[in-house]
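Notes for the structure review
Each chain is listed here by its residues.
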Amino acid sequence: MSLFTNKYIAHRGLHNGELIPENSLLAFKKAIEKNHAIEFDITITKDNQVVVFHDEDLVRLCNKKEKIEEVEYGFLKKLKLYNSDENIPLFKEVLELVDEKIALIIEIKKHQNIGVLENIVLDLLENYEGEYFICSFEKDILFWLKENRTNIKRGLIYSYNSKVFKKYHKVLFLYKYYKIKPDFVSLDYRLLNSSIYKFCKKNSLPIFCWTINSKEKYENIEKKVDGIIFENITL
């Protein structure tokens, strides 16, 4: 039986350019309407507010130079995503909106002072009875969760890196895998024909695949993975 009840996962919600910004409450509402699970990113502000945002700084989405960890939430609250009416949501606002209707794939972004964000998030999730999974690229974050919250389903996100020699990709993956012992993995689409994928299948690890943004990619991987993180296509 698959770890995941919903195979189709909207990447940063069902966003659509500046009209429906990524990681916005509107994008999440659209995903709920389609009964898709959602994948989204969380990070932390200077005053320890957990917000839903992908980038380290505000340049791309808000045309501001500041970094999220260096400002207080009061500053972020006044901003709009692109030219829309959407704000940067708090993590707790997403929980209230979703209200256990769909599964959540929560990616913790790289941040300082590991343990602070994680404790806040897990306290907020303590009474949340909906389906959720926590994942990250960062082995130190996942190791902290492994050591401190053993009941949490943890996922290792692993990306193809053209700067790394092909033969070292698996070595790097295995180093993180044995350090973390994840419950599932989230693999870059470009790794689905690799020895890493074969290793995961051999060890019965549930697999997400990201980011599927064409029908061709979808048809190539649909039967190979347990969860499909997609954007810009209709599933």
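The residue count restarts for each chain, going from 1 along the sequence in the order it is written. Totals for whole chains, interfaces and linings use all residues, but because this is a predicted model, local features are given only for residues with pLDDT of at least 70 and pairs of side-chain atoms are given and counted only at 80 or more. Processing note: side-chain calculations cover all non-hydrogen atoms of the structure and skip hydrogens and water entirely.

Let's shift gears to the packing of helix 6 (residues 139-148) against helix 7 (residues 166-180). Look at helix 6 against helix 7: their axes get within 9 Å of each other, and the N-to-C directions meet at 20 degrees. Relative to helix 7, helix 6 is oriented roughly parallel. Here Lys139, Leu142, Phe143 and Lys146 of helix 6 lie close against helix 7, whose contacting residues are Tyr175, Lys176, Lys179 and Ile180. For the contact of helix 6 with helix 7, the residue count by class is four nonpolar, no polar and four charged. Axes here mean lines fitted to C-alpha atoms, for a helix over just the part in contact, with angles spanning 0 to 180 degrees between N-to-C directions. Secondary structure counts use DSSP, requiring at least four H or I residues in a row for a helix and at least two E residues in a row for a strand, with both numbered from the N terminus. In this scheme, roughly parallel covers angles under 35 degrees and roughly antiparallel covers those over 145, while 65 to 115 is roughly perpendicular and the rest are oblique. By definition in these notes, contact holds between two residues if any of their heavy atoms fall within 4.5 Å. Amino acids are sorted into nonpolar (Ala, Val, Leu, Ile, Met, Phe, Trp, Tyr, Cys and Pro), charged (Asp, Glu, Lys and Arg) and polar (every other residue, Gly among them).

As a further point, take the packing of helix 5 (residues 116-125) against helix 6. Remark: helix 5 packs on helix 6, axes separated minimally by 11 Å, with the N-to-C direction vectors making an angle of 50 degrees. Of the possible angle classes, the one that applies to helix 5 and helix 6 is oblique. Where helix 5 crosses over helix 6, the two elements pack in a sense that is right-handed. On the side of helix 5, the interface is formed by Glu118, Asn119 and Leu122, while helix 6 contributes Ile141, Trp144 and Leu145. Split into classes, the residues belonging to the contact of helix 5 with helix 6 amount to four nonpolar, one polar and one charged. By convention, the crossing between two helices is left-handed when the near helix turns anticlockwise from the far helix through less than a right angle, and right-handed when the turn is clockwise.

When the centres of two rings from Phe, Tyr and Trp lie within 6.5 Å, Trp using its six-membered ring, the rings pair. Their planes under 30 degrees apart give stacked, over 60 give edge-to-face, and anything left gives tilted. All told, the structure shown has 13 aromatic pairs when counted by the stated rule. Considering the side-chain rings of Tyr178 and Phe199, the 6.4 Å spacing of their centres and the 70 degrees angle between planes classify their relative orientation as edge-to-face. Of this pair, Tyr178 sits in helix 7 while Phe199 sits in helix 8 (residues 195-202), placing them 21 residues apart in sequence. Only protein chains enter the accessibility calculation, which uses a 1.4 Å probe; a residue is then buried when its area is under 20% of its type maximum, exposed when over 50%, and partly exposed in between. For Phe199, a relative accessible area of 11% puts it in the buried group. Pairwise contacts between aromatic rings join Tyr158, Phe173, Tyr177, Tyr178 and Phe199 into one cluster. Looking at Lys224, its charged tip hangs above the ring of Tyr197, at a distance of 4.9 Å from the centre. Only when the NZ atom of a Lys or the CZ atom of an Arg is both within 6 Å of the ring centre and within 35 degrees of the ring normal do we say a charge sits over the ring.

Here the focus is the nonpolar core. Counting 54 residues, the largest nonpolar core has Ile38, Phe40, Ile42, Leu125, Phe173 and Leu187 as its most contacted members. Aside from chain neighbours lying at most four places away, what touches Leu125 is Phe91, Leu95, Ile106, Tyr132 and Ile134. Side-chain atoms within 4.5 Å are what join buried Ala, Val, Leu, Ile, Met, Phe, Trp, Tyr and Cys residues into a set we call a nonpolar core. With 13 residues, the next largest nonpolar core counts Phe53, Val71, Leu76 and Leu81 among its residues.

Attention shifts here to the pairing of strand 8 (residues 207-212). Counted residue by residue, strand 8 has six buried out of six residues, so it is predominantly covered. A crossover connection joins strand 7 (residues 184-188) to the parallel strand 8 through helix 8; in handedness this β-α-β unit is right-handed. By this definition, two strands are paired if DSSP reports at least two bridges between them. The pairing of strand 8 with strand 9 (residues 227-230) spans three bridges and is classified as parallel. Residue pairing for strand 9: Phe208 is matched across the bridge by Gly227. For crossovers, right-handed means that the path from the first strand over the helix to the second runs clockwise, given strands pointing away from the viewer. Handedness of the β-α-β unit built from strand 8, helix 9 (residues 215-221) and strand 9 comes out right-handed.

Let us look at the layout of surface pockets. Points on a 1 Å grid over protein atoms alone make up a cavity when a 1.4 Å probe fits among them but cannot get out, and a pocket when they form an open set with protein on both sides within 12 Å along at least five of seven lines; lining residues each have an atom within 4 Å of a point. Grid points are joined across faces, edges and corners, and a volume is the space filled by probe spheres set on the points. As a volume, the largest pocket reaches approximately 390 Å³. Surrounding the largest pocket, 20 residues form its lining, Ile44, Glu69, Lys110, His111 and Gln112 being those nearest its centre. Listed by contribution, the elements that provide at least two residues to the lining of the largest pocket are strand 2 (37-44) and helix 5. A per-class count over the lining of the largest pocket returns five nonpolar, seven polar and eight charged.

The disulfide criterion used throughout: a pair of cysteine sulfur atoms within 2.5 Å. Following the criterion strictly, the structure yields zero disulfides and no others. Cys209 supplies the cysteine sulfur nearest to Cys135, a cysteine that is in no disulfide, at a spacing of 13 Å. On the accessibility criterion, Cys135 (2% relative accessible area) is buried.

Attention shifts here to the pattern of salt bridges. Criterion for a salt bridge: a side-chain nitrogen of Lys or Arg within 4 Å of a carboxyl oxygen of Asp or Glu. Evaluated as defined, the whole model comprises 11 salt bridges. A salt bridge links Glu107 to Lys109, with the nearest nitrogen and oxygen atoms 3.0 Å apart. Of the charged contacts, one joins Lys139 and Asp140 as a salt bridge, the two residues approaching to 3.1 Å between their closest N and O atoms. You can call Asp140 partly exposed: its relative accessible area is 44%. One network of salt bridges, with partners in common, ties together Arg12, Glu22, Asp41, Asp55 and Arg60.

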